[in-house]
Amino acid sequence: MERLALGVLISGRGSNLQALIDACADPTFPARIAVALSNRADAGGLDRAAAQGIPCAVVPHRDHPDREGFERAVDRVLRDAGVGLVCLAGFMRVLTPWFVGAWANRLINIHPSLLPAFPGLDTHRRALDAGVRFHGCTVHFVRADVDSGPIVVQAAVPVLPDDDEARLAARVLAAEHRCYPLAVRLVAEGRVRIVGGRAVVEGAAAPRGAALNPCDCASS
Ligand code: 4DW
Ligand code: GAR
């Protein structure tokens, strides 16, 4: 089995990179990490990757006079590593239409909300302020408009009465760490097609019925 070569782009902590590293450690997982790349030399995630022998690259955006120069350098690293799918994992530079076009439908991102709700930053604060009963995360194909594009996988988590931003963020992050490897697996297995601007996933089970929050279970 030829495993799909991933290029994982990060800017910080790298816990989603770690989740992908862990998934790829299973020899039956249909992808491998060909390179982890950051625009910041101090991204903690790079240390995690390097510690496990994964090739790492730093492409500082400040070394380039414009976005396209930066992106051409990133593109070169990815191509040299033979990457087939680019995964944004807390990568914080907006990619131009040139880069998005060059990696059309081979570029995915994880976002900490149930898109199209709460695009942008501060998603957990805004979910709490809005009083939604469910929050979560989304893995989607990247388009030039940020936080848009065909949705591959979403995970919903309940918002609990005593949640603060940190507790909710931790619950969503745990869901992210399940969501991203699943999305990568589905793409790597060739089970995701884009039809009419939506991602269609073949042969994957879906949960049945509705989750209620608050639910009708007896309390305590
Ligand atoms: C995202 C959106 C905007 C910024 C950072 C991240 C979400 C994920 C993403 C990264 N790059 C992307 C996406 C996306 O969804 N779609 C595209 N590219 N096309 C953001 O505004 N970043 C600013 C810089 C922040 C920093 O360096 O700390 C920026 O000016 O790029
Ligand atoms: C994750 O929560 C990810 O969903 C979010 O950044 C965090 C990165 O954490 N991405 C965005 O907000 C993109 N708009 P990590 O570095 O530990 O994976």
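Refer to the structure presented above.
Residues numbered from 1 in each chain as written. Chains lettered and ligands numbered in written order. Predicted model: local features only at pLDDT ≥ 70, side-chain atom pairs only at ≥ 80, totals over all residues. Heavy atoms only, no water.

**Here's the deal with the sheet that holds strand β2 (residues 31-38)**
Phase 1 of the analysis: Taken in spatial order, the seven strands make up an open sheet running β3-β2-β1-β4-β5-β6-β7, and their pairing is mixed. Strand pairing shows two members of the sheet lacking a second neighbour, β3 (56-58) and β7 (151-158), which therefore form its edges. Across the sheet, the mean angle separating the axes of adjacent strands is 20° when strand polarity is ignored.
Phase 2 of the analysis: Pairing between strand β5 (residues 107-111) and strand β6 (residues 134-141): four bridges, direction antiparallel. Note that in β6 the partner of Ile110 across the bridge is Val139.
Phase 3 of the analysis: Seen against the sheet, helix α1 (residues 15-24) touches β1 (4-10), β2, β4 (85-88) and β5 and runs at an angle of roughly 155° to β2.
Phase 4 of the analysis: Strands in contact with helix α6 (residues 165-188) are β1, β2, β4, β5, β6 and β7; relative to β7, the strand with the most contacts, it is inclined by about 155°. (Pairing = 2+ DSSP bridges. Helix = DSSP H or I, 4+ residues; strand = E, 2+ residues; numbered from the N terminus. Axes fitted to C-alpha atoms, helices over the stretch in contact; angles between N-to-C directions. Contact = heavy atoms within 4.5 Å.)

**Some remarks on the site of ligand 2**
Phase 1 of the analysis: Inspection of the region around ligand 2 gives Arg13, Gly14, Ser15, Asn16, Gly90, Ile110, His111, Pro112, Leu173 and Glu176 as its neighbouring residues.
Phase 2 of the analysis: A distance of 2.9 Å separates an oxygen atom of ligand 2 from a polar backbone atom of Asn16.
Phase 3 of the analysis: Measuring from an oxygen atom of ligand 2, one finds a side-chain N or O atom of Glu176 at 2.7 Å.
Phase 4 of the analysis: Within the complex, the protein chains bury 85% of what would otherwise be the 450 Å² of accessible surface of ligand 2.
Phase 5 of the analysis: A molecule is said to occupy a pocket when more than half its atoms come within 2 Å of that pocket's grid points, and by this definition ligand 2 occupies the largest pocket.
Phase 6 of the analysis: Within the residue set of the shell around ligand 2, elements represented by two or more residues are α1, β5 and α6.
Phase 7 of the analysis: Taken together, the residues that form the shell around ligand 2 break down as three nonpolar, five polar and two charged. (Near = heavy atom within 4 Å. Polar contact = N/O pair within 3.5 Å; in protein donor to acceptor, adjacent residues only side chain to side chain. Areas by Shrake-Rupley, 256 points an atom, 1.4 Å probe, with all protein chains shown as cover. 1 Å grid on protein atoms, 1.4 Å probe; cavity = no way out; pocket = protein on both sides within 12 Å on 5 of 7 lines; lining within 4 Å. Sits in = over half its atoms within 2 Å of the grid points. Nonpolar A, V, L, I, M, F, W, Y, C, P; charged D, E, K, R; others polar.)

**Looking at the layout of surface pockets**
Phase 1 of the analysis: Taken as a whole, the largest pocket spans an internal volume of roughly 910 Å³.
Phase 2 of the analysis: Forming the walls of the largest pocket are 34 residues, and the residues nearest its centre are Gly90, Phe91, Met92, Ile110 and Pro112.
Phase 3 of the analysis: Those elements that provide at least two residues to the lining of the largest pocket are α1, β5, α5 (123-130) and α6.
Phase 4 of the analysis: Among the elements that take part in the lining of the largest pocket, α6 stands out by supplying four residues, more than any other.
Phase 5 of the analysis: Class assignment for the residues of the lining of the largest pocket results in 15 nonpolar, 12 polar and seven charged.
Phase 6 of the analysis: Size it by volume and the second largest pocket reaches roughly 630 Å³.
Phase 7 of the analysis: Going through the elements one at a time, β7 and α6 are the ones with two or more residues in the lining of the second largest pocket.
Phase 8 of the analysis: Top contributing element to the lining of the second largest pocket by residue count: β7, with six residues.
Phase 9 of the analysis: Counted by class, the lining of the second largest pocket contains 17 nonpolar, two polar and two charged residues. (Points joined across faces, edges and corners; volume = space filled by probe spheres on them.)

Interpretation note: all reported values are geometric properties and have no functional meaning in isolation.
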